[in-house]
Amino acid sequence: MNAELSLLAWAMLLGFAHIFAASTVVTRERGIKWNASARDAPNVPLSPLAGRLQRAQANFFETFPFFAAAAIAVVVAGRSTESTVLAAQVYFWARVVYLPLYAMGVPYVRSLVWVVSIVAVLSLVFALL
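This report concerns the structure included in the present document.

### Details of the nonpolar core
Phase 1: In this structure, A11, F64, F67, Y91 and L124 are the most contacted members of the largest nonpolar core, which totals 18 residues.
Phase 2: Among the elements of the structure, α1 (3-30), α3 (48-76), α4 (82-103) and α5 (109-128) are those that each provide at least two residues to this core.
Phase 3: No other element matches the seven residues that α3 contributes to this core.
Phase 4: Ignoring sequence-local partners within four residues, the contact set of L124 consists of F67, A70, A71, V74, T84, A87 and A88.
Phase 5: Counting 14 residues, the second-largest nonpolar core is a separate cluster that includes V25, L53, A103 and V113.

### Quick notes on α5
Phase 1: Here α5 is 20 residues long and its end C-alpha atoms lie 30 Å apart, about the 28 Å a rise of 1.5 Å per residue gives.
Phase 2: Looking at α5, one finds that the buried residues are V113, S117, A120, V121 and L124. Seen end-on, α5 carries its buried residues on one side only, within an arc spanning 90 degrees. Along α5, exposed side chains directed more than 90 degrees from the buried face belong to L112 and F126.
Phase 3: Considering only its buried residues, α5 is in contact with α3 and α4.

### Brief notes about the environment of N35
Phase 1: Residue position: N35 is located in helix α2 (residues 32-36).
Phase 2: We classify N35 as partly exposed; its relative accessible area is 30%.

How each quantity is defined
- Residues numbered from 1 in each chain as written.
- Predicted model: local features only at pLDDT ≥ 70, side-chain atom pairs only at ≥ 80, totals over all residues.
- Heavy atoms only, no water.
- Core = buried A, V, L, I, M, F, W, Y, C linked by side-chain atoms within 4.5 Å.
- Buried < 20%, exposed > 50% of the residue type's maximum accessible area, 1.4 Å probe, protein only.
- Helix = DSSP H or I, 4+ residues; strand = E, 2+ residues; numbered from the N terminus.
- Contact = heavy atoms within 4.5 Å.
- Expected span 1.5 Å × (residues − 1).
- Arc of directions from axis to C-beta.

Put into structure tokens, the structure is as follows:
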């Protein structure tokens, strides 16, 4: 299997890690009954950690489709190179680092890591042009 597709699979697992991290903390705060409900009632505000985990999850799901499309397109178009493999690796590892940085509320460095992940995705896209 192409390295880009392997990294895509790892990024999918990272997406589940985002879901599990956020949902675990939110459920711990709001309870199992809330989790099992239709969530129609107004919610109690979340702790800063739970809010940050939810925002990190949302951010991941904003960038992941672009990465997935670019990684698949690079492989399908036969444009896979050492540079595209590196770009996929950089995206994945930047996103791995991003989650704990956001959870801990680290400013600036977190944003820099986000920029690195976006540049990696753009590198994959530019390999297609």
